[in-house]
Amino acid sequence: EAKRAGRGRWVLFEPRMQTQVVQRATLEADLHEALVRDELFVVYQPVLALGGPGASTGCAGVEALVRWRHPERGLVAPGQFIGVAEEAGLIGAVGLFVLRSACEQYMRWQLDLGPQAPGVLAVNLSVAQLRQPDLVDQVGRVLADCAMPAACLQLEVTESLAAQDPTSLARLRGLKALGVGLVLDDFGTGYSSLSCLHQLPVDTVKIDRSFIAEAERSGYHRALIEATVRVARTLRMTTVAEGIETAAQSALVQDLGCDLGQGYWHCRPLEAEALTPWLAGRPAPRRPAAPPLQLVS
Ligand code: C2E
Ligand code: MG
Ligand code: MG
Ligand code: MG
């Protein structure tokens, strides 16, 4: 703000601004500790096939979402600390923790729930992670350690990065070569463009929840969802509607042709122990081409 006001002008330094700077600095210091003290954990939100009306469909997949149980602040959401982790050079460690925890849990579900286990596992990658030269090796190592077939893992990236930076694009191709699936997250926000979709090595397009929130009252947003679905189909990509909060929204995005849905209406993100009985109560999902049950003796 001070910069925008220009030179030679006085800007009051608001106490609020100082508090933010201090909070960020402490959060950064605390994050180092969090990794050591095991304060980070992962919750999982189901992604479901949008079946017929009232149909109870199998759990096509789960998305892993990181959480931080801070000793003083309580639960801290990723929106508050992923950026801090990136700036502090800690995103690699945080990302690897999430990936390893989630892959281990995914394989545990395969053993415990058999056909009712989630079809695939989705893990978010941030821009900074895509710039890590050793990312592809790390992902490959985690998969090997967990004896998890690459086809069962999906990595979610937001569109803004992928399209622009050639290094990130090369990294995405490297991940693709491992055999993992790639998801374009929050599609429709930022620099999204239907005309660029065919240039990206992604298999799934996740339509941003702002579109789902507007769909009932806005014909424009419905048209954009439909157009996205149509283009994605042409490219043989799967579509996911995120942020579904009501039965009406679920029915609408199904009508508009979305393949899969995710949101509080279906299920909130839950810790693994809480999600297990929920999964056990659902029918078996359709599986990705490669069989996930590859039990090593
Ligand atoms: P995202 O990947 O788009 O994840 C979906 C977010 O929407 C999650 O927020 C989820 O809790 C929330 N959500 C799910 N259903 C609904 C709904 O019906 N209504 C509303 N209003 N929200 C819903 P969360 O967990 O706070 O994560 C926010 C973002 O932080 C994620 O957005 C993702 O970009 C990032 N993130 C989360 N976990 C990780 C991680 O392990 N690594 C990285 N790099 N980023 C992560
Ligand atoms: Mg995501
Ligand atoms: Mg998303
Ligand atoms: Mg989103």
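All values derive from a computational prediction rather than experimental measurement. (Residues numbered from 1 in each chain as written. Chains lettered and ligands numbered in written order. Predicted model: local features only at pLDDT ≥ 70, side-chain atom pairs only at ≥ 80, totals over all residues. Heavy atoms only, no water.)

(A) Quick peek at the coordination of the magnesium ion (ligand 2). Around the magnesium ion (ligand 2), the protein supplies Glu63 (OE), Asn124 (OD1), Glu156 (OE) and Asp185 (OD) as donor atoms, at distances of 2.0 to 2.3 Å. Look at where the donors of the magnesium ion (ligand 2) fall in the sequence and you get E-x60-N-x31-E-x28-D. Taken as an interatomic distance, the gap from the magnesium ion (ligand 2) to the magnesium ion (ligand 3) is 3.8 Å; aspartate 185 donates to each of them. In this pair, glutamate 156 sits in strand 5 (residues 153-158) while aspartate 185 sits in strand 6 (residues 181-187), placing the two residues 29 residues apart along the sequence. This pair shows no difference in class: glutamate 156 is buried, exactly as aspartate 185 is. (Donors = N, O, S within 2.8 Å, 3.2 Å for Na, K, Ca; no water. Helix = DSSP H or I, 4+ residues; strand = E, 2+ residues; numbered from the N terminus. Buried < 20%, exposed > 50% of the residue type's maximum accessible area, 1.4 Å probe, protein only.)

(B) Layout of the environment of valine 98. Note that valine 98 resides in helix 4 (residues 91-113). Residue valine 98 is classed as buried on the basis of its relative accessible area, which comes to 9%. The sequence separation of valine 98 and valine 43 amounts to 55 residues, and the corresponding C-alpha distance is 9.8 Å. Ignoring anything within four residues of it in the chain, the contact list for valine 98 reads Val42, Ala64, Val66 and Val123. (Contact = heavy atoms within 4.5 Å.)

(C) Main features of the layout of surface pockets. Of the voids in this model, the largest pocket is the one considered here, and its volume is about 950 Å³. Lining the largest pocket we find 37 residues, and of these Glu63, Leu65, Pro78, Asn124 and Asp185 sit closest to its centre. Elements with a contribution of two residues or more to the lining of the largest pocket: strand 2 (59-70), helix 3 (78-87), helix 4, strand 4 (120-124), helix 5 (127-130), strand 5 and strand 6. Roughly 680 Å³ of internal volume is contained in the second largest pocket. Ala60, Gln154, Thr238, Leu260 and Arg286 are, among the 30 residues lining the second largest pocket, the residues nearest its centre. Going through the elements one at a time, strand 1 (40-49), strand 2, strand 4, strand 5, strand 6, strand 7 (204-207) and strand 8 (238-241) are the ones with two or more residues in the lining of the second largest pocket. Partitioning the lining of the second largest pocket into residue classes produces 13 nonpolar, eight polar and nine charged. (1 Å grid on protein atoms, 1.4 Å probe; cavity = no way out; pocket = protein on both sides within 12 Å on 5 of 7 lines; lining within 4 Å. Points joined across faces, edges and corners; volume = space filled by probe spheres on them. Nonpolar A, V, L, I, M, F, W, Y, C, P; charged D, E, K, R; others polar.)

(D) The arrangement of the nonpolar core in detail. Counting 63 residues, the largest nonpolar core has Tyr44, Leu121, Met148, Leu153, Leu155 and Leu175 as the members making the most contacts within it. At 10 residues, helix 4 tops the list of elements feeding residues into this core. Listed in part, the 13 residues of the second largest apolar core include Ala215, Ile225, Val229 and Val253. (Core = buried A, V, L, I, M, F, W, Y, C linked by side-chain atoms within 4.5 Å.)

(E) Fine view of the pattern of salt bridges. Under the criterion given, the structure shown has nine salt bridges. With its nearest N and O atoms 3.4 Å apart, the salt bridge here joins glutamate 271 to arginine 69. Taken together, the residues span a long stretch of sequence, with glutamate 271 in strand 10 (residues 270-271) and arginine 69 in strand 2 at a distance of 202 residues. Its relative accessible area of 44% is what places arginine 69 among the partly exposed residues. Note that lysine 176 and aspartate 203 form a salt bridge whose closest N and O atoms lie 3.0 Å from each other. Taken as a pair, lysine 176 in helix 8 (residues 166-178) and aspartate 203 in the loop between strand 6 and strand 7 lie far apart in primary sequence, 27 residues in all. Overall, lysine 176 belongs to the partly exposed group, its relative accessible area being 27%. Residue classification places aspartate 203 among the partly exposed positions, given a relative accessible area of 27%. Here the salt bridges share partners, and the residues they tie into one network are Glu33, Arg37 and Glu39. (Salt bridge = Lys/Arg side-chain N within 4 Å of Asp/Glu carboxyl O.)

(F) Structural detail: the site of ligand 1. The local shell around ligand 1 holds 23 residues, among which Arg67, Asn124, Asp185, Glu245 and Tyr264 are the closest. In this structure, arginine 209 approaches ligand 1 through a side-chain N or O atom, which is 3.1 Å from an oxygen atom. Glutamate 242 is positioned such that a nitrogen or oxygen atom in its side chain is 3.4 Å from an oxygen atom of ligand 1. Summarising the interface, the protein chains cover 83% of the accessible area of ligand 1, which totals 800 Å² for the free molecule. Put simply, ligand 1 lies in the largest pocket. Mapped onto the shell around ligand 1, the elements with two or more residues apiece are strand 2, helix 3 and strand 6. In the shell around ligand 1, the residues fall into nine nonpolar, six polar and eight charged. (Near = heavy atom within 4 Å. Polar contact = N/O pair within 3.5 Å; in protein donor to acceptor, adjacent residues only side chain to side chain. Areas by Shrake-Rupley, 256 points an atom, 1.4 Å probe, with all protein chains shown as cover. Sits in = over half its atoms within 2 Å of the grid points.)

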